[in-house]
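# Commentary on secondary and tertiary structure
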Amino acid sequence: MLGETQSSLQNAYAYPVPFRPNSDPSHKHITFTGLSAQTTIKIYTITGELVATIHESDGDGMCIWDARGAASGMYIYRIDNNREHKTGHLLIVK
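Residues numbered from 1 in each chain as written. Predicted model: local features only at pLDDT ≥ 70, side-chain atom pairs only at ≥ 80, totals over all residues. Heavy atoms only, no water.

### Things to note about the sheet that holds strand β6 (residues 73–80)
This is how it is decided: Here a strand pair is declared whenever DSSP counts at least two bridges between the two strands. By the criteria applied, helices consist of DSSP H or I runs no shorter than four residues and strands consist of E runs no shorter than two, each listed in order from the N terminus. Think of each axis as a best-fit line through the C-alpha atoms, taken over the contacting stretch in the case of a helix, with angles from 0 to 180 degrees between the N-to-C directions.
Pairing within the open sheet is antiparallel, and its four strands lie in the order β4-β3-β6-β7. Of all strands in the sheet, those bounded by a partner on one side alone are β4 (50–56) and β7 (85–92). In this sheet, adjacent strand axes meet at a mean angle of 20° when their direction is disregarded. Sheet topology note: the strand β3 (residues 39–45)/β4 ladder contains six bridges and is antiparallel. Bridged to K42 within β4 is T53.

If you want it as structure tokens, here you go:
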């Protein structure tokens, strides 16, 4: 059962959402948590342009995206670990 939990994306999510780097000093990056080992996250604009690809490979179940340089708007992310995938959205407000 432990191996199943480590490979599942059921509890994966991103925070803080919305991300407000200009108005909240605690918003330094977006954190993806609840990840399994060997996970890839792709972040897209709402029009489908790939903005970033980040990888969880150290086994801590977390990845960080420094989104301070990204434009305000809605983004879609896809988390994939080769067994399952999960999608979600992010909102960046500057």
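### Considerations on the pairing of β7
In this sheet, β7 lies alongside β6 in antiparallel orientation, the contact comprising eight bridges. Bridging from a neighbouring strand, Y75 pairs with L90 of β7. Connecting β6 to the antiparallel partner β7 that follows it, the hairpin turn spans four residues, and N82 within it adopts a positive phi of roughly 70°.

### Some thoughts on the packing of aromatic side chains
Test applied: Pairing of aromatic side chains requires ring centres within 6.5 Å, counting the rings of Phe and Tyr and the six-membered ring of Trp. Pairs whose planes differ by under 30 degrees are stacked, by over 60 edge-to-face, and all others tilted. Only protein chains enter the area calculation, which uses a 1.4 Å probe; residues under 20% of their type maximum are buried, those over 50% are exposed, and those in between are partly exposed.
In total, this model carries three aromatic pairs according to the counting rule given. Centre to centre, the rings of Y13 and Y15 are 5.8 Å apart; their planes meet at 40°, and the pair counts as tilted. Accessibility expressed as a relative area gives 35% for Y15, which makes it partly exposed. The interplanar angle of 70° and the centroid separation of 6.0 Å between the aromatic rings of W65 and Y75 together place this pair among those described as edge-to-face. In this pair, W65 sits in strand β5 (residues 62–65) while Y75 sits in strand β6, placing the two residues 10 residues apart along the sequence. For the pair shown, W65 and Y75 are each scored as buried.

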